[in-house]
Amino acid sequence: MYRNRNRVKGILIKNLPLSATETDAERLLSTFGGRVVRCEVVSVTSAGKVVKASFDSPDHAQEAVNKLHGNGYAGVDLQVQFDNKESRDSGLGGGGGGGMPYGSRDRNKMNPRSDPGSGTRLYLYPTVDLPVRLLVPSGMVGAIIGKKGANIRQITQQTKARVDIIRSRENASAVEKAIIIYGTPLQCSNTVRKIMDTMNKESAEAVDPASGEIPLKMMAHNSLVGRLIGKGGSTLNKIMDESKTKISISNLQELTIFNMERTISIKGSLEDACKAEEMVSEKLRDSFRADMNSFTQQYNLFPGLNHASVFSGLGSSPGSIFNIAMPSEVTYLYIPINAVGAIIGVKGQEIRDISQRSSAKVRVEPPKSEDDQYRAVYIEGYPDAQWIAQWSIYHKILTEVYNGKGEVSLTSEIMVPVNMVGRIIGKRGSAIQDLELLTRAEIDVPKDVKPNEKNEVVVRIKGHFFASQSAQRQIRFMLYTARAMMQYNQRGGMPGGPGMERGMERGMGRHMNGNRD
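K.L.:
Talk me through the overall build of the protein; I want residue IDs and the actual numbers.
P.N.:
Each helix and strand in the protein was counted, giving 16 helices and 18 strands. Per-residue burial for the protein yields a buried fraction of 48% across its 517 residues.

Shown next as structure tokens:
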């Protein structure tokens, strides 16, 4: 029997059978009375799946290790131990090794939530996991909600998941409505089961009952679907064989650049469909985590940007990455003269669509002279809006001017206060050279341009979309943190003010050098 020396909350199951899902593991662990705040497959070996789990208390983790280690499960003697690595990494879980829960209450929290004055490093990326997103017939929404919300309230109380039903005015006439479910794998799957059960009962009691079972429909971003299907359909066929269901996925031709969602339809009995949902959701979560891990390794290239908002399917935004609010920004993006018509569109429809999609103010400025080969596009909005609006313009030029071939490289201009130019250039140009190496963009601060009435000068950035965005975000974040530091010092600061200034300078240096400590 294991003795709990470290009082850790995390455990590892090193050989869960390959046929078992994360939901099966969580269901097994939940029998020990405590709340399982985290449960995920972290790797797959020839011996089975390696599952990392955390409980809400060390006592429940102790009980799980004692009772599960060496115990038979699906013909396998489980190997279970404490997650001592989490115990050593005391920054992840407050010394208990529990990590951050991704259930309904905690999904928007930073990891960890540290006091800036405590000297503990504040993790800048939020802990998020992929929610389960269902599509249900609009006529079933009333039954799912119940009278005065009684049914959905009962479901969430029983499953401990959070449920958002999307019923905006824009999709009021839609045939189907989206339901987003947040929680652990078991909480999400239990909620899916109860929603499907509610719809089946409602359909059976209807005057004109629907023929057959109502299919279980899920939504997934196209970037995840390929790995769900697998090479030659192997992964999807395996799921269908093991769950005894029929699964179909919506056609690629239905996708657009701003609607990359695919619909996954699962047909079968309630029990079989829910088993298939568990397996599909696990594969989607695994692919999503891999993508997010890869992306967050380079998050410092785009400071101030809400990265999760560029991924579809997260529901409401998990919040700003930095605990400072980024202001609205103005950018001038210069496009070739032969691309103006494509950007404006017939009667201005295209540019209105770009503005609506991005929530940014977008307009094409009039030419400065008849000989101009480029026109400036004025873009005003917050960092996320800038990202979407500029991406829309780059993509429009690529598809309609370049015919989808080659690489689009555009010049953008941002205005910088005169007293901040030295920070961008650095001693003997060292800072701007480092920034160009980091972002792969060409950055120029013209010397012969006079400041405008706001005492600002222009900084020109040239490159492909990601290079340009990276350079813009780096420069703007540098300026904003410097401005915030000066305002803090002007107000007299607080005890430890100089320390804050040194810390911010070090933080700016880390962002410039691409390091995360």
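K.L.:
Account for the pattern of salt bridges, naming residues and giving values.
P.N.:
One pass over the full model with this rule turns up 20 salt bridges. Close ionic contact of Asp24 with Arg27 constitutes a salt bridge, the shortest N to O distance being 3.1 Å. Here the residue Asp24 and the residue Arg27 both occupy positions in helix α1 (residues 22-29), the gap between them amounting to three residues, near one helical turn. Exposure remark for Asp24: the relative accessible area of 12% places this residue in the buried category. Beyond isolated ion pairs, a larger network of salt bridges with shared partners links Asp24, Arg27, Lys275 and Glu278.

K.L.:
Hey, could you go over the environment of Ile11 for me, with residue numbers and the actual values?
P.N.:
The topology assignment puts Ile11 in strand β1 (residues 10-16). When its relative accessible area of 0% is taken as the criterion, Ile11 is described as buried. Once you skip the residues sitting within four places of it in the chain, Ile11 turns out to touch Leu29, Val51, Lys52, Ala53, Phe55, Ala61, Ala64, Val65, Val80, Gln81, Phe82 and Asp83.

K.L.:
Could you give an account of helix α7 (residues 222-229), naming the residues involved and the relevant values?
P.N.:
Looking at α7, one finds that the buried residues are Asn222, Leu224, Val225 and Leu228. Taken end-on, α7 shows its buried residues confined to a sector of 145°, consistent with a single buried face. Two residues or fewer past α7, Gly230 is found with a positive phi of approximately 80°.

K.L.:
Tell me what's going on with the nonpolar core, and back it up with residues and numbers.
P.N.:
With 39 residues, the main nonpolar core has Leu134 and Ile181 as its most contacted residues. Leave out the neighbours within four places in its chain, and Ile181 touches Pro131, Val132, Leu134, Ala161, Arg162, Val163, Cys188, Thr191, Val192 and Ile195. Judged by nonpolar contacts, the second largest core, of 22 residues, contains Leu28, Cys39, Ala64 and Phe82.

Thresholds, definitions, all that
- Residues numbered from 1 in each chain as written.
- Predicted model: local features only at pLDDT ≥ 70, side-chain atom pairs only at ≥ 80, totals over all residues.
- Heavy atoms only, no water.
- Helix = DSSP H or I, 4+ residues; strand = E, 2+ residues; numbered from the N terminus.
- Buried < 20%, exposed > 50% of the residue type's maximum accessible area, 1.4 Å probe, protein only.
- Salt bridge = Lys/Arg side-chain N within 4 Å of Asp/Glu carboxyl O.
- Contact = heavy atoms within 4.5 Å.
- Arc of directions from axis to C-beta.
- Core = buried A, V, L, I, M, F, W, Y, C linked by side-chain atoms within 4.5 Å.

Take it as geometry only, folks, not as evidence of what the structure does.
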